[in-house]
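Chain and residue survey
Chain residues, written in single-letter form:
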Amino acid sequence: MMPGDDVLMMPSARRIEVFTGTAQRRRWSAEAKAQIVAESYETSVGEASARYSLSKTQIFTWRRDAREASDPLGFARVEIDDAGSGGMSQRGRYWYSEPSGRTG
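A brief look at the structure comes next. All values derive from a computational prediction rather than experimental measurement. (Residues numbered from 1 in each chain as written. Predicted model: local features only at pLDDT ≥ 70, side-chain atom pairs only at ≥ 80, totals over all residues. Heavy atoms only, no water.)

1. Points about the overall build of the protein chain
Our working definition: Here a strand is any run of E in DSSP of at least two residues, a helix any run of H or I of at least four, and the numbering for each starts at the N terminus. For the exposure calls, accessible area comes from a 1.4 Å probe over protein chains only, and a residue counts as buried if that area is under 20% of its type's maximum, exposed if over 50%, partly exposed in between. Throughout, a residue-residue contact means that at least one pair of heavy atoms, one from each residue, lies within 4.5 Å. In this description, accessible areas are obtained by the Shrake-Rupley approach with a 1.4 Å probe, and a residue is regarded as covered only by the protein chains that are shown.
Broken down by element type, the protein chain carries three helices and two strands. The N-to-C order of helical and strand elements in the protein chain reads α-α-α-β-β. The buried share among the 104 residues of the protein chain stands at 12%. Considering only contacts within the protein chain whose residues lie at least 6 apart along the sequence, 30% involve residues at least 24 apart. Surface exposure of the protein chain reaches about 9,000 Å², of which carbon and sulfur atoms provide 54%.

2. Looking at helix 3 (residues 56-70)
How we decide: Here, expected helix span is obtained from the residue count minus one, scaled by 1.5 Å.
Under the 1.5 Å per step criterion, the end-to-end length of helix 3 is 21 Å for 15 residues, consistent within 8% with the ideal 21 Å. Among the structural elements, helix 1 (30-42) and helix 2 (45-52) are those in contact with the buried residues of helix 3.

3. Observations concerning unusual backbone geometry
A positive phi angle is found at Ser 53, which is not glycine, with a value near 55°. Of note, Ser 53 is situated in the loop between helix 2 and helix 3. According to the relative accessible area criterion, Ser 53 is partly exposed, its value standing at 29%.

4. Quick word on the nonpolar core
The cut-off we apply is this: Side-chain atoms within 4.5 Å are what join buried Ala, Val, Leu, Ile, Met, Phe, Trp, Tyr and Cys residues into a set we call a nonpolar core.
Among the nonpolar cores identified, the biggest contains seven residues, and these are Ile 36, Val 37, Val 45, Ala 48, Leu 54, Ile 59 and Trp 62. Those elements giving two or more residues to this core turn out to be helix 1, helix 2 and helix 3. Leaving out residues up to four positions away in the same chain, Ile 59 has contacts with Ile 36, Ser 40, Val 45, Ala 48, Ser 49 and Leu 54.

5. A short note on the pattern of salt bridges
Rules: What makes a salt bridge here is a side-chain nitrogen of Lys or Arg within 4 Å of a carboxyl oxygen of Asp or Glu, nothing more.
Taken as a whole, this structure holds two salt bridges when the rule is applied. Put simply, Arg 51 and Glu 39 hold a salt bridge, and the shortest N to O gap is 2.7 Å. Residue Arg 51 is located in helix 2, and its partner Glu 39 is located in helix 1; the two are separated by 12 residues in the primary sequence. Here Asp 65 ties to Arg 64 by a salt bridge, and the two come within 3.8 Å at their closest N and O atoms.

6. Some points on the environment of Ser 40
On the secondary structure map, Ser 40 appears in helix 1. When the C-alpha atoms of Ser 40 and Arg 63 are compared, they prove to be 8.9 Å apart, with 23 residues separating the residues in sequence. Not counting residues up to four positions away in its chain, the partners in contact with Ser 40 are Val 45, Ala 48, Ile 59 and Arg 63.

7. Some remarks on the environment of Ser 55
Structurally, Ser 55 is set in the loop between helix 2 and helix 3. With 10 residues separating them along the chain, Ser 55 and Val 45 place their C-alpha atoms 9.2 Å apart.

Shown next, in the form of structure tokens:
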């Protein structure tokens, strides 16, 4: 190296996980997923993802799955047929939207 050359330093790894064998995906029980999701609400998604070596998107997916599983009704399709408007029928479709802003 010459004086004045910039050196790129790679950050040191805090934890390295080595997968062996053919199955590289970890399997999480429903109880473990529920615990991780609960922890992500108590602390933050970033802290939970670092603690369990998961991507943040995985935890957000588990959060969404838990939310949808706890809402058995989901979206309801409603059709309105207004036949009392001078013989002209107007039809519309409306989708129920949750307060969280999800729409169908």
